[in-house]
Amino acid sequence: YNNPKFLGICLKSFSNQTQPDFDIFIADDGSSPETKAKIQSLGSLFSRPIQHYWHPDHGYRKAKINNEVFRALEKYEVVILADADTIAHPKFIEDHLRMHERSPRMLFMGRRVDLGPQISSEFSEANVLQFNRGLSKKLLQSWWRGETRNLGRAIRIENPVLQKIFRRDRVADLLGSNFSISRELLWEVNGYDEEFASYWGEAGDLYVRVRNSGALIFGLKSYAVQYHLF
C-alpha cells in the first residue's frame, strides 16, 4: 500500500527465480497511481503480464482485495503469498512448489529474516539480485550491529535431517507473508474472512479454518527464504 519503492525491490527479486514458470498477481488495497506506474514499469521483467487487482481506498480491506485475486486463480494448483515489502531468495518459488508435492491439500508456512533499517535503506532495484542469495557479508555486518534479526533463517537448509537437528522445522502459526496453500484447499475454506477490517487477524483466522479442515499443515524456518525490509 503506497510504497512503490519497496514494491519495485520485491518484484525485481522475483526476476531471477530458479523456477520461472509462475504468474504474479498483485492485490492492491487502494494505492495511489504511483503504485500502478511502478508495476507497469517492471512488467518487462517477466514472460507473462503482471495481473494488478485494485479497489478504491475505503480503509483496511486486505482480505477483500486478496479474495478478488483468489477468485481469478482457478487454473492454478498452488498459491504462494508474499508481502510487497519483502525480498525473495532465488529458490523461493521452487522451494514452495517442492513442498506441495507432499499433498494436494496442504498449507506450507515459511518465515522471514527481519532486516535492520540501515541495510534496508541500501537495497534497491539495481542491487537486490546481488544480495538475495542467502547469507552475505552485508547481512552479517547488519546482524553484528544488532539491527537484523533472525539471521539464521538466511541459511537455506534443504536436508530434512539437518532441518530437525537445527530445529528449523518448528513453525507454530501463520503469518500473512511467505506461505503457500493448495488452490483447491484455499477455495474449500473460502479464502479470507472479509469481516477483518483492521490490521492483523485474517491470516490467523485462515490458519484455524485450514487446521479444522484436516488438511496437512507444516512449516520450515530456513527454507523458501524471504527477507523483510524494515
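The rules behind each value
- Residues numbered from 1 in each chain as written.
- Predicted model: local features only at pLDDT ≥ 70, side-chain atom pairs only at ≥ 80, totals over all residues.
- Heavy atoms only, no water.
- Salt bridge = Lys/Arg side-chain N within 4 Å of Asp/Glu carboxyl O.
- Phe/Tyr/Trp six-rings, centres within 6.5 Å; stacked < 30°, edge-to-face > 60°.
- Buried < 20%, exposed > 50% of the residue type's maximum accessible area, 1.4 Å probe, protein only.
- Helix = DSSP H or I, 4+ residues; strand = E, 2+ residues; numbered from the N terminus.
- Polar contact = N/O pair within 3.5 Å; in protein donor to acceptor, adjacent residues only side chain to side chain.
- Contact = heavy atoms within 4.5 Å.
- Pairing = 2+ DSSP bridges.
- Axes fitted to C-alpha atoms, helices over the stretch in contact; angles between N-to-C directions.

So, the pattern of salt bridges
Here the idea is simple: oppositely charged side chains can pair when their charged atoms come close.
Next, step 1: Applying the stated criterion across every chain yields a total of 20 salt bridges.
Next, step 2: A single salt-bridge network, built from bridges that share partners, covers K91, E94, D95, R98, R156 and E158.

Structural notes on the packing of aromatic side chains
Next, step 1: Enumeration according to the criterion identifies nine aromatic pairs in this entry.
Next, step 2: Aromatic pair F14 and F22: ring centres 6.4 Å apart, planes at 55 degrees, arrangement tilted. Of the two residues, F14 and F22, neither departs from the other in class, the shared state being buried.
Next, step 3: Here the aromatic rings of F22 and F46 are separated by 6.2 Å at their centres, their planes lie at 70 degrees, and the arrangement is edge-to-face. With a gap of 24 residues between them, F22 in the loop between α1 (4-13) and β1 (25-28) and F46 in the loop between α2 (33-41) and β2 (51-54) connect regions that are remote in the sequence.

Structural notes on the side chain of R111
Next, step 1: Position of R111 relative to the elements: it lies in the loop between β5 (106-109) and β6 (112-114).
Next, step 2: A polar atom in the side chain of R111 sits 2.4 Å from the side chain of D173.
Next, step 3: Discounting residues that sit within four places of it in the chain, R111 has contacts with R153, V171, A172, D173, L175, N178, L220, K221, A224 and Q226.

Notes on the pairing of strand β7 (residues 179-182)
Next, step 1: The side-chain alternation of β7 yields two buried faces, one formed by F179 and I181 and the other by S180 and S182.
Next, step 2: Sheet topology places strand β3 (residues 78-81) next to β7; four bridges connect them, and they run antiparallel. Pairing of L81 across the sheet is with F179, part of β7.

Observations concerning helix α4 (residues 92-99)
Next, step 1: Most of α4 is tucked away, with six of its eight residues classed as buried.
Next, step 2: Within α4, the full set of buried residues consists of F92, I93, E94, D95, H96 and M99.
Next, step 3: Summarising the contacts, the buried residues of α4 are in contact with β3, β4 (86-88), β5, β7, β8 (216-219) and β9 (226-228).

A few points about the sheet that holds β6
Next, step 1: The three strands are arranged β4-β9-β6 in an open sheet whose pairing can be described as mixed. Strand pairing shows two members of the sheet lacking a second neighbour, β4 and β6, which therefore form its edges. When strand polarity is set aside, the average angle formed by the axes of neighbouring strands in this sheet is 25 degrees.
Next, step 2: One ladder, built from three bridges, connects β4 with β9; its direction is antiparallel. By the bridge assignment, I87 is partnered in β9 with Y227.

These figures capture arrangement, not role.
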